[in-house]
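Commentary on secondary and tertiary structure
Next come the chains, spelled out residue by residue.
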Amino acid sequence: SRDACDAWFSYAYERLETDAVVSAFTNSHMGPIGGSNVKGHVLQAGYVLTKNLSLLSTAWITKPVDDAGISNTNTTYRWQVNVVGKF
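Read on for an overview of the structure. (Residues numbered from 1 in each chain as written. Predicted model: local features only at pLDDT ≥ 70, side-chain atom pairs only at ≥ 80, totals over all residues. Heavy atoms only, no water.)

1. Quick word on the environment of Glu14
Short version of the rule: Numbering of helices and strands runs from the N terminus; a helix is a DSSP stretch of H or I covering at least four residues, while a strand is a stretch of E covering at least two. We call two residues in contact when some of their heavy atoms are within 4.5 Å.
Secondary-structure assignment places Glu14 in strand β1 (residues 7–16). Along the backbone, Glu14 and Val42 are 28 residues apart, and their C-alpha atoms lie at a distance of 7.6 Å. In this structure Glu14 touches Asn27, Met30, Val38, Lys39, Gly40 and Val42, once residues within four positions along its chain are discounted.

2. A short note on the sheet that holds strand β3 (residues 53–63)
Definition in use: Pairing between two strands is assigned when DSSP locates at least 2 bridges connecting them. Comment: axis = line fitted to C-alpha atoms, over the contacting stretch for helices; angle = value between 0 and 180 degrees taken between N-to-C directions.
Strand order in the open sheet formed by four strands is β1-β2-β3-β4, with antiparallel pairing between adjacent strands. Each edge of the open sheet is held by one strand with a lone partner, namely β1 and β4 (76–85). Averaged over neighbouring strand pairs, the angle between their axes works out to 15° when direction is ignored. Across eleven bridges, strand β2 (residues 38–50) lies against β3 in antiparallel orientation. Note on β3: the bridge partner recorded for Val48 is Ser54.

This is how it looks when you write it as structure tokens:
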């Protein structure tokens with residue numbers, strides 16, 4: 001039998017100010033190179049294909065909180081797809 005929830009979606013908004021935390025401890029997917037001084041949206045969708053196989057898709061849409069002396073203030077788009085197997 002299949003799980004009660006075959007598909008799911010999630011949304012989060014993250015904002016991490018400059019020097020709010022040591023960059024080594026931040027989410028490496030946020031922004032063009034990870035670190036602090038980044039804000040943005042995180043969208044996730046997942047689907048259970050079989051009892052032991054799922055798909056997960058995550059999109060990050062981010063930009064710097066302030067210019068803080070950086071040259072690239074453009075919006076960054078990152079997309080990742082994972083196949084998750086259980087055994």
